[in-house]
Amino acid sequence: MLYVIVSMLFFFLQNAVNKAFGNHYRADTRLLMLYQLPVHLTMLACLLLMGARLNLPVGGWLLAIGYGMIFLSTITLMTKSLSVGPIGQTTLIVNLSLLLSLIAGVAFFGERMTVCRWLGIPCILLTLILSALGGGDDKKKSGRWLALVLVTMLGDGSLSLVQKTFVTLYPEAEVSAFILASVLAGTAISGAIVLQSACVGKLALPQEKLRFFLYAVLVGAGTVFGTLYSMKALTVLDGVVVFPVRQGGLIVLITIYGILRYKDKFDLRIGAMLASGLLGIVLLNL
């Protein structure tokens, strides 16, 4: 259980720092690519220091490159979502991508639907409906946030699908090699975009450069070590324990953080969203 808690804390760090970045800097695409370059370089350094080596079949390389592209897009969208919306609700909805992973598992990987999983689906749908009914005073900003976070959820679900495909097709391959290859792909893409922006004179380093790069290093480390300890947890505990505790605990922790740090509102609708979302996450893992 210690691995689960450590993993949850690292993912909390990732989300909290991305929220701080979104609040402090403008979330335009060029700046976000500049941000993602040191994030990926930090991930790359951590993986190499942990001994990860590139040893993949050709098909594994293709899946890893695709994963790297989706991850870069998803984490960029996540930062954009956090810049315009509440951190707790954003994290909650993104984690509902479990539903997409479940649908793909049943359709393509022979997984079974259980009574608990059937009961979890309406809980997830209720959470999404309640999120669409919110809005507050700024309807335009709320609509933009909802669109961003739903696309981010699709990206997060796609990441799970690629992971399942890799593990199913190449059960003997090293997961660390897959992650290393995907990080290399993300580094190359973000680096190419940054270089192109610099060549056309549309790239400017932000003020408070130390803060900018510190955020990037913290997010990169949080992502790598959160993933590492989550994988370690799965070697000693069943997924039906790891995923509900890690994701449910993370959502509760971030919701409390959002209320205390950013004065995010908490009313009956948001409470119902949180309850139905957490219940859905637990049921989908049973």
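The notes below deal with the structure included here. Remember, it's a predicted structure, so these values are computed and weren't measured experimentally. (Residues numbered from 1 in each chain as written. Predicted model: local features only at pLDDT ≥ 70, side-chain atom pairs only at ≥ 80, totals over all residues. Heavy atoms only, no water.)

### Let's talk about unusual backbone geometry
Then, in step 1: Backbone geometry at Lys263 places phi at a positive 60 degrees, although glycine is not the residue there.
Then, in step 2: Looking at the element boundaries, Lys263 is found in the loop between helix 10 (239-262) and helix 11 (268-284). (Helix = DSSP H or I, 4+ residues; strand = E, 2+ residues; numbered from the N terminus.)

### Some details on the nonpolar core
Then, in step 1: Core analysis: the largest hydrophobic core is formed by 41 residues, its most contacted members being Phe21, Tyr35, Leu47, Leu56, Phe178, Phe212 and Tyr215.
Then, in step 2: Counting only elements with at least two residues in this core, the list comes to helix 1 (2-24), helix 2 (29-49), helix 3 (58-84), helix 7 (139-169), helix 8 (175-199) and helix 9 (209-236).
Then, in step 3: Residue contributions to this core peak at eleven residues, all from helix 2.
Then, in step 4: Not counting chain neighbours up to four residues away, the residues in contact with Leu56 comprise Trp61, Ala64, Phe166, Ala173, Glu174, Ala177, Phe178 and Ala181.
Then, in step 5: Of all hydrophobic cores here, the second largest spans 30 residues; its members include Leu92, Leu130, Met153 and Met273. (Core = buried A, V, L, I, M, F, W, Y, C linked by side-chain atoms within 4.5 Å. Buried < 20%, exposed > 50% of the residue type's maximum accessible area, 1.4 Å probe, protein only. Contact = heavy atoms within 4.5 Å.)

### Considerations on the packing of aromatic side chains
Then, in step 1: A full pass over the atoms with the stated rule returns 15 aromatic pairs.
Then, in step 2: The rings of Phe21, Tyr25, Tyr35, Phe212, Phe213 and Tyr215 are connected pair by pair, giving a single aromatic cluster.
Then, in step 3: Stacked on the ring of Tyr262, the Lys or Arg Lys19 has its end atom at 5.2 Å from the ring centre.
Then, in step 4: The residue whose ring lies beneath Arg261 is Tyr262, and the NZ or CZ to ring-centre distance is 4.8 Å. (Phe/Tyr/Trp six-rings, centres within 6.5 Å; stacked < 30°, edge-to-face > 60°. Lys NZ or Arg CZ within 6 Å of the ring centre and 35° of its normal.)

### Some details on the side chain of Thr76
Then, in step 1: As for its position among the elements, Thr76 is in helix 3.
Then, in step 2: By relative accessible area, which is 9% here, Thr76 ends up buried.
Then, in step 3: Contact partners of Thr76, with chain neighbours within four places excluded, come to Leu32, Met33 and Gln36.

### A closer look at the packing of helix 1 against helix 2
Then, in step 1: Running from N to C, helix 1 and helix 2 cross one another at 145 degrees; their axes reach a closest spacing of 12 Å. The handedness of the crossing between helix 1 and helix 2 is right-handed. On helix 2, the residues touching Val17, Asn18 and Phe21 of helix 1 are Leu31, Leu32 and Tyr35.
Then, in step 2: Looking at side-chain class alone, the contact of helix 1 with helix 2 contains five nonpolar, one polar and no charged residues. (Axes fitted to C-alpha atoms, helices over the stretch in contact; angles between N-to-C directions. Left-handed = near helix turned anticlockwise from the far one by under 90°. Nonpolar A, V, L, I, M, F, W, Y, C, P; charged D, E, K, R; others polar.)

### A short note on the packing of helix 2 against helix 8
Then, in step 1: Put simply, helix 2 and helix 8 touch, their axes get as near as 8 Å, and they point 150 degrees apart. As judged from the angle between their axes, helix 2 and helix 8 are roughly antiparallel. Crossing geometry of helix 2 relative to helix 8 is assigned as left-handed. From helix 2, Arg30, Met33, Leu34, Gln36, Leu37, His40, Leu41, Met43, Leu44, Leu47 and Leu48 reach across to helix 8, where they touch Ile179, Leu180, Val183, Leu184, Gly186, Thr187, Ser190, Gly191, Ile193, Val194 and Ser197.
Then, in step 2: Class assignment for the residues of the contact of helix 2 with helix 8 results in 14 nonpolar, seven polar and one charged. (Parallel < 35°, antiparallel > 145°, perpendicular 65-115°, else oblique.)

### A few points about the pattern of salt bridges
Then, in step 1: One pass over the structure, following the stated rule, counts two salt bridges.
Then, in step 2: For Arg26, the salt bridge is made with Asp28, and the minimal N-O distance between the two is 2.4 Å.
Then, in step 3: A relative accessible area of 25% means that Asp28 is categorised as partly exposed.
Then, in step 4: With a closest N to O distance of 3.9 Å, Asp267 and Lys265 form a salt bridge. (Salt bridge = Lys/Arg side-chain N within 4 Å of Asp/Glu carboxyl O.)

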